[in-house]
Every structure is written in C-alpha cells, then in structure tokens.
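Notes for the structure review
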Amino acid sequence: MATNPEIEWMKLTFAELNARAAEDALVIVPVASLEQHGPHLATGVDIVCATGVSHRIARRMAASGKPVVVMPCVWTGLAEHHVPFGGTVTLDYATFAAVLKGVVRSAARAGFRRVMLLNGHGGNAEAVAVVGGECQSEFGIAVAAGTYWHLAGDAFAPILERQSNVLHACEAETSMMMTLLPEAVRTDRLPEAHGPHSTRPEGQPAAMIRRRSFKDITLSGVIGDARSASAEKGEALLAAAAESIADELANARLWG
C-alpha cells in the first residue's frame, strides 16, 4: 500500500475500492446511535467516538502495511432506553439488522471478504454480535463484531480517575469528545455531569441483561462522572484503543 493511504470508503473512487478489495482489505463499519448524553454533551457522541476510534485503528493498520477501509458510520441504533429524555433516535431490531445486513452485503458484493462491525453504543452490543453471525452465514464472508471499549479491555483503566472503562456521558466519553469534537461539549454544564456508576440495581449479576429506562436510573442522563474529563485523557484513550484493537484485527488467525 502507498504511504499514508486514504482509509475512508467515501473518499475513494470505485476503481480504488476495487483495488483495495483485491488486496483483501478489511472493511471496518462503525456502528453507533443518536441519543441523549447528559446536560453537557451533544447527542452525536457515539457517532463521533465510534468513527474516531475506527479511523485511528485504520490509520495504525495502514501505516503497518495492512489494507483497510472504513465505511461511514451507521448512525442509528437501538436506544429505546434513552427516549424518555428526548433528543434520541432509535430503530427496532428488525430495521437495525436490515440496515447492517445491507451494508455488509454491499461490501461483499463489492468484493470484500472481511468485515468488522465496530460498535460504539452499549445498547447495540448484543444485536451487533447477532447480526454479524447472520451476515457471515448468509454472505459467506468473514464478519466479526465487537464494542470498542470491550475490545480495548484493560487499556483504558490506567488513564481514567473515576472509572475503569466507558460508561455513559462519563469521564471517558467526555474526554474523547474534548479531543474529537470540542464544540460538542458544554463545559459550563460539567458540574452537573455525574450520576450513578452502574445501570444495574443491587443484586443484578453482570451477566444478566435487562434494559431499563435511563430516566429511572439517572436524573442527569449520565452514568459515571464527567467532571474529571480532559482532552489529554481523550487523546490517550483514543491512542490506547487504536493500539490494542489494531493489533487484534491484524491477527490473521481471526480471519482464517
């Protein structure tokens, strides 16, 4: 591949994408949501962060000679639990699955054989995994799925002061937004940007999934505490995600 190759699908011509497919490039599809993120953050947090993380990963892979291309973000997701606050767009599962399948099917028809659905919204996590498996069976290509902060594992914990990983409108997401899109952060509202550190009531096991309205859990819409957020932490989080996830996706055994 060329030095500093373009990694965004929408900035490449069809001929350039055909060449990338012939190189067996990995297609990364950021998947997100448009929803409330507390009093201090704009609603596009998951879109911005999922896209930003995907671009950082792809640039790191491309710099090491791995062919890769990033789709535009699938910006709608499953966000029913945020609707009561307002400002939220959500799909039902059937529509969400159909959209993701249409995107992956298109990549397959364009000649690509490997797709990573890189999720950036907690409410999508289980659905994205299911759709990834269905796409693999239906389209005969390798499809992986995962949520970026789950894939990053323990990499975020040393960077953060008040939590160990991404929560919601929290220290982590606010820090990344300060780096990626600072105009979307209402710094004057940061004193209000805190809430409980879990969406689970006492006694609910971590392995048990039950969605609850965030309106019933947090008055502010925040899970975690954003008051210690900073752009420096945001840059460190993005770099940590790019390093760990790029290495994971470069593992040839994952796609064999």
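I will try to describe carefully the structure that is included in this document. Fair warning: this is a prediction, and the values are worked out from it, not measured in the lab. (Residues numbered from 1 in each chain as written. Predicted model: local features only at pLDDT ≥ 70, side-chain atom pairs only at ≥ 80, totals over all residues. Heavy atoms only, no water.)

1. Some details on the side chain of Glu-35
- Note that Glu-35 resides in the loop between strand 1 (26-31) and helix 2 (45-63).
- The side chain of Glu-35 is buried and forms no salt bridge, while Arg-211, the nearest opposite charge, is found at 9.7 Å.
- Within the local environment of Glu-35, its side chain forms a polar contact with the side chain of Ser-33, the two groups lying 2.6 Å apart.
- Ignoring anything within four residues of it in the chain, the contact list for Glu-35 reads Thr-43, Asp-46, Ala-79, His-82, Gly-87, Thr-88, His-121 and His-168. (Helix = DSSP H or I, 4+ residues; strand = E, 2+ residues; numbered from the N terminus. Buried < 20%, exposed > 50% of the residue type's maximum accessible area, 1.4 Å probe, protein only. Lys, Arg positive; Asp, Glu negative; His and termini not counted. Salt bridge = Lys/Arg side-chain N within 4 Å of Asp/Glu carboxyl O. Polar contact = N/O pair within 3.5 Å; in protein donor to acceptor, adjacent residues only side chain to side chain. Contact = heavy atoms within 4.5 Å.)

2. Regarding the pairing of strand 4 (residues 142-147)
- Across the six residues that make up strand 4, a large majority, five, are buried.
- Relative to strand 4, strand 3 (residues 114-119) runs parallel, the two sharing six bridges. Its bridge partner being in strand 4, Leu-118 is matched across the sheet by Gly-146.
- Since strand 3 and strand 4 lie parallel, the crossover through helix 4 (residues 125-139) that links them has a hand, and here it is right-handed. (Pairing = 2+ DSSP bridges. Right-handed = clockwise from strand over helix to strand, strands pointing away.)

3. Focus on the side chain of His-37
- Looking at the secondary structure, you find His-37 in the loop between strand 1 and helix 2.
- A polar contact is formed between the side chain of His-37 and the backbone oxygen of Glu-35, at a distance of 3.1 Å.
- Within the structure, His-37 has its side chain in polar contact with the side chain of Asp-46 (distance 3.2 Å).
- Apart from the residues within four sequence positions on either side, His-37 is in contact with Ala-42, Thr-43, Val-45, Asp-46, His-168, Ala-169 and Glu-173.

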